[in-house]
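Working through the structure, step by step
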Amino acid sequence: MKRLLLPALLLFGASLVADEPKTEAPKEFILFNGKSLEDWETVDVGGSGIVDLEGGVMIINQGENVSGAVYKKAASLPLTNYEITLEAKRLQGVDFFVGLTFPVGDLKTCATFVCGGWGGSVTGISSIDGLDASENNTSSYQRYDDDKWYAIKLRVTPENLSAWVGEKQVIDEDITGKKIAVRTGPIESYLPLSLTTFNTTSAIRNIKLTPLVKKK
């Protein structure tokens, strides 16, 4: 009897393991693969530089105003609980080389993660409760060397905005009950998801969006 019971228990245990729900890795969206800019639309707000593809890298050329491109398929992406990662470097100029505009729960509710603004070092989110990246709690001064690649990561949840430059976390902001919007002006033409510069030429590569797995 014991000989029959042991195989039965083993089979029962195996069936329990087989029936356990599997946690699938989140789908990664490649926003820029280095081969084409067909998913991006250059926006000229007057005096904007052109956006080119050179050697597998997106080049946002320096203009006299905000320059950049909007991702055309933003409506098909998550609007919250996601991370965007990319690599960027400033080739020339004196202002922000990363202006990552992104949706916060809605295609019309957006903000911009700025790296190197206001003369080349201010880093933060524009805007929170009407205050831009140079004025609100997300503001900090970071050193950015020309012609050096920086890994950028932005995390968006309904309650929080977080960002990293390399391994350093530069933003951890609670947004519950706060008003989120882009800064009034040219950047309003770059909603809901875009990359921009100001008076600066930037190189950008490896742009990805990854949904966050909700903890049970």
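Everything numeric here is computed off the predicted structure, so don't read it as measured data.

What counts, and where the lines are drawn
- Residues numbered from 1 in each chain as written.
- Predicted model: local features only at pLDDT ≥ 70, side-chain atom pairs only at ≥ 80, totals over all residues.
- Heavy atoms only, no water.
- Pairing = 2+ DSSP bridges.
- Helix = DSSP H or I, 4+ residues; strand = E, 2+ residues; numbered from the N terminus.
- Buried < 20%, exposed > 50% of the residue type's maximum accessible area, 1.4 Å probe, protein only.
- Core = buried A, V, L, I, M, F, W, Y, C linked by side-chain atoms within 4.5 Å.

Pairing between strand E6 (residues 82-93) and strand E11 (residues 150-156): seven bridges, direction antiparallel. Across the sheet, Tyr82 pairs through a bridge with Val156, a residue of E11. Judged from the 10 bridges that link them, E6 and strand E15 (residues 200-211) form a sheet pairing that is antiparallel. Directly across from Tyr82, in E15, lies its bridge partner Pro211.

Note on sheets: strands pair through backbone hydrogen bonds, and any given pair is parallel or antiparallel. Taken together, seven strands build an open sheet; the order of strands is E2-E5-E14-E7-E8-E9-E10 and the sheet is antiparallel. Edge strands, defined here as strands with exactly one partner in the open sheet, are strand E2 (40-44) and strand E10 (140-141). Pairing of E2 with strand E5 (residues 66-71), which is carried by five bridges, proceeds in the antiparallel orientation. Looking at E5, one finds that Glu41 is bridged to Val70.

Tracing the backbone through its elements, the reader meets Thr101 in strand E7 (residues 98-106). For Thr101, a relative accessible area of 0% translates into the label buried.

Core analysis: the biggest nonpolar cluster contains 42 residues, and Trp40, Phe102 and Phe113 have the highest contact counts within it. Grouped together as the second largest cluster of nonpolar side chains are seven residues, Val43, Val70, Val182 and Tyr190 included.

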